[in-house]
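The lines below spell out each chain.
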Amino acid sequence: MKRINTVVLCKPLGTLFAMAFLACSPASAQEAGKRLFLNNCAECHQRDGKGIANIYPALAGSEVVRGSGVDVALVLLIGRGEMPSFAGAISHEDMASIINYVRNAWGNSGEAISAETIAELQ
Ligand code: HEC
């Protein structure tokens, strides 16, 4: 549904491609990250990123999540405690999408990390 909306929104701006890119691209990247988060992470950390007290830590307001994309990438690559490693299970591109989503959802705000940076960590 959202995808269709984005296309409808972006197509008329075809001649103003640069503007359309700026206006639409971050939104759809955030949508992709959200979908990946819901499929891979929300089971434990919950859709609202608030986790479950004493079992799954909240990602909303988490110092690790807000601190640095590299730290979040390391958690995903290595795993932590009860949390499995996602290395090999999710591509670096998808990891970047998820990280950029969680670092900019629920009131969090952080700079984007690239798939290349994550690949260098591994
Ligand atoms: C099977 C449940 C489970 C899944 C699925 C899961 N996690 Fe976790 N996650 C945990 C647990 C448990 C911890 C706490 C580990 C510890 O510190 O011992 C954690 C910790 C974290 C932390 C560190 C938070 C902090 O403040 O210390 C981040 C970031 C994180 N997870 C992100 C993710 C992302 C992104 C995904 C999806 C790709 C994900 N997790 C999937 C269970 C899960």
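For the structure itself, look to the data block above.
Below: a short report on this structure. On a predicted model such as this, the values are computed, not experimentally measured, just so you know.

### With respect to the overall build of the protein
Within the protein, the regular secondary structure consists of seven helices and zero strands. Counting from the amino terminus, helix and strand elements in the protein follow one another as α-α-α-α-α-α-α. Residue burial in the protein is summarised as follows: out of 122 residues, 20% are buried. Within the protein, contacts between residues separated by at least 24 positions form 53% of all contacts whose residues are at least 6 apart in sequence.

### Looking at helix H5 (residues 69-78)
Of all the positions in H5, only Gly69, Val72, Ala73 and Leu76 are classed as buried. Around the axis of H5, the buried residues are gathered within 100° of arc, so they sit on the same side. Taken together, the buried residues of H5 touch helix H4 (63-67), helix H6 (92-102) and helix H7 (115-121). Looking at the residues trailing H5, positive phi occurs at Gly79, about 85°.

### So, the environment of Ile78
On the secondary structure map, Ile78 appears in helix H5. With 13 C-beta atoms packed within 10 Å, Ile78 lands in the partly exposed category.

### Re the site of the ligand
As a structural note, the neighbourhood of the ligand is formed by 21 residues, with Cys41, Cys44, Ser62, Gly81 and Met83 the closest of them. For the shell around the ligand, the secondary-structure elements that each account for two or more residues are helix H3 (42-45), H4, H5 and H6. Split by residue class, the shell around the ligand holds 14 nonpolar, four polar and three charged.

### Here's the deal with H6
In terms of burial, H6 is largely enclosed, as 10 of its 11 residues are buried. What H6 keeps buried is the set His92, Asp94, Met95, Ala96, Ser97, Ile98, Ile99, Asn100, Tyr101 and Val102.

### Focus: unusual backbone geometry
With the exception of glycine, the majority of residues adopt a negative phi angle, and the majority of peptide bonds are in the trans configuration. Despite not being glycine, Asn54 shows a phi value in the positive range, around 70°. Inspection of the secondary structure assignment puts Asn54 in the loop between H3 and H4. Classification of Asn54 as exposed rests on a count of 6 C-beta atoms within 10 Å. In this structure, Trp106 is a non-glycine residue whose phi angle is positive, near 55°. Topologically, Trp106 is positioned in the loop between H6 and H7. In this structure Trp106 comes out as partly exposed when scored by C-beta crowding, with 16 C-beta atoms within 10 Å.

### Considerations on the environment of Cys41
Mapped onto the fold, Cys41 is located in the loop between helix H2 (17-40) and H3. A count of 21 C-beta atoms within 10 Å places Cys41 in the buried class. Considered as a pair, Cys41 and Gly51 are 10 residues apart in the sequence and their alpha carbons are 9.9 Å apart.

The rules behind each value
- Residues numbered from 1 in each chain as written.
- Predicted model: local features only at pLDDT ≥ 70, side-chain atom pairs only at ≥ 80, totals over all residues.
- Helix = DSSP H or I, 4+ residues; strand = E, 2+ residues; numbered from the N terminus.
- Buried ≥ 20, exposed ≤ 12 C-beta atoms within 10 Å, placed from the backbone.
- Contact = placed C-beta atoms within 7 Å.
- Arc of directions from axis to C-beta.
- Near = placed C-beta within 6 Å.
- Nonpolar A, V, L, I, M, F, W, Y, C, P; charged D, E, K, R; others polar.

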